[in-house]
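Here's the letter readout for the chains.
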Amino acid sequence: MRMHKHAALPCLAALILPAAAFSQDGSDESVRPAPRLPDGTLNLGPVPGETGHWDTGRGGALMENNVELDGFFLVDPSDVDRVAPFKPWSRELFLARQANLGLHDPHPRCSGNGGPRTFDTPYGIDFVQDAGRQRILILVGWSRRWREIHMDGRPHPDLETYTPTFFGHSVGRWEDDTLVIDTVGFNEQFWFTRKPMGMVHTESLHLVERISRPEYHTLRYEVTVDDPAAYTRPWTASWELPWSEYEIVEYLCNENNRDPAHFVGPQ
């Protein structure tokens, strides 16, 4: 069979055109690199002249293994032991919270959301890297709160005299381009995760969070949970957040509560 001399051109174009999106070193030129501050430190926020924040409404589930959620919040009881290394009492409490659909979750009552839930609650977050005062603030869109990470090398306070708080006491450091945050001193007045509903913690909770920005539009969040009172060993979960080019909107939960339907569980 005689082939038309132009018949092979579309196939050849298909091989050539995608390569145009890559540089000579093989990197994807369509991916915008993560920005940096004047001193070379990774910038976790928008660049000057632009706006934006991290869309926490698309956060991930705080689970050690990939377990399918039923209806966004609920875990099949047969998969509970794959979620996290619960102790018997914390496993029982987690299942009870699942069974009543979060009846006693403080979040709908405008409580503070510490730990991983900061990265999994609607209305977004933003970072303010305050080099002058050697700290980083995480601005929380939900209820307009903020969390302070001390970057000046200070130690944690004596927990015997420290009053536990919703966000705990956080100290941070940079490991190359990864922000490592070490936090202790949490109270038990909040549920520290939104997905799956009802994860358990105690005042023994110790978190190590690792935050990086592999490219402009992606924030990677990884957390290691160490709570010897609730779990048999430390465990780790992670997810990614997308960048939104819009500013965080003002939302004050106490004056505009949009979650009253979760004040009660099933009747």
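Residues numbered from 1 in each chain as written. Predicted model: local features only at pLDDT ≥ 70, side-chain atom pairs only at ≥ 80, totals over all residues. Heavy atoms only, no water.

Asker: What is the right way to look at a nonpolar patch on the surface in this model?
Answerer: A grouping of Val-128, Leu-139 and Trp-146 is seen on the molecular surface, where their side chains present a nonpolar patch of about 270 Å² in accessible area. Residue position: Trp-146 is located in strand 6 (residues 145-150). With a relative accessible area of 55%, Trp-146 lands in the exposed category. (Patch = residues over 30% accessible without salt bridge, like charges linked within 9 Å, V, L, I, M, F, W, Y side chains within 5 Å. Areas by Shrake-Rupley, 256 points an atom, 1.4 Å probe, with all protein chains shown as cover. Salt bridge = Lys/Arg side-chain N within 4 Å of Asp/Glu carboxyl O. Helix = DSSP H or I, 4+ residues; strand = E, 2+ residues; numbered from the N terminus. Buried < 20%, exposed > 50% of the residue type's maximum accessible area, 1.4 Å probe, protein only.)

Asker: I tried to follow helix 3 (residues 88-99) on my own but got confused; where do I start?
Answerer: Note: α-helices contain 3.6 residues per turn, so residues at a spacing of three or four share the same orientation. Taking 1.5 Å of rise per residue, 12 residues should cover 16 Å, and helix 3 covers 17 Å from first to last C-alpha, within 8% of that figure. For helix 3, the set of buried residues is Ser-90, Phe-94, Arg-97 and Gln-98. Looking down the long axis of helix 3, one finds its buried residues gathered within 100° of arc, a one-sided arrangement. Residues of helix 3 that are exposed and angled more than 90 degrees away from the buried face: Pro-88, Glu-92 and Ala-99. In this structure, the buried side of helix 3 is in contact with strand 3 (74-75) and helix 2 (80-83). Note on helix 3: the residue one or two positions beyond its end, Leu-101, has a positive phi of about 55°. (Expected span 1.5 Å × (residues − 1). Arc of directions from axis to C-beta. Contact = heavy atoms within 4.5 Å.)

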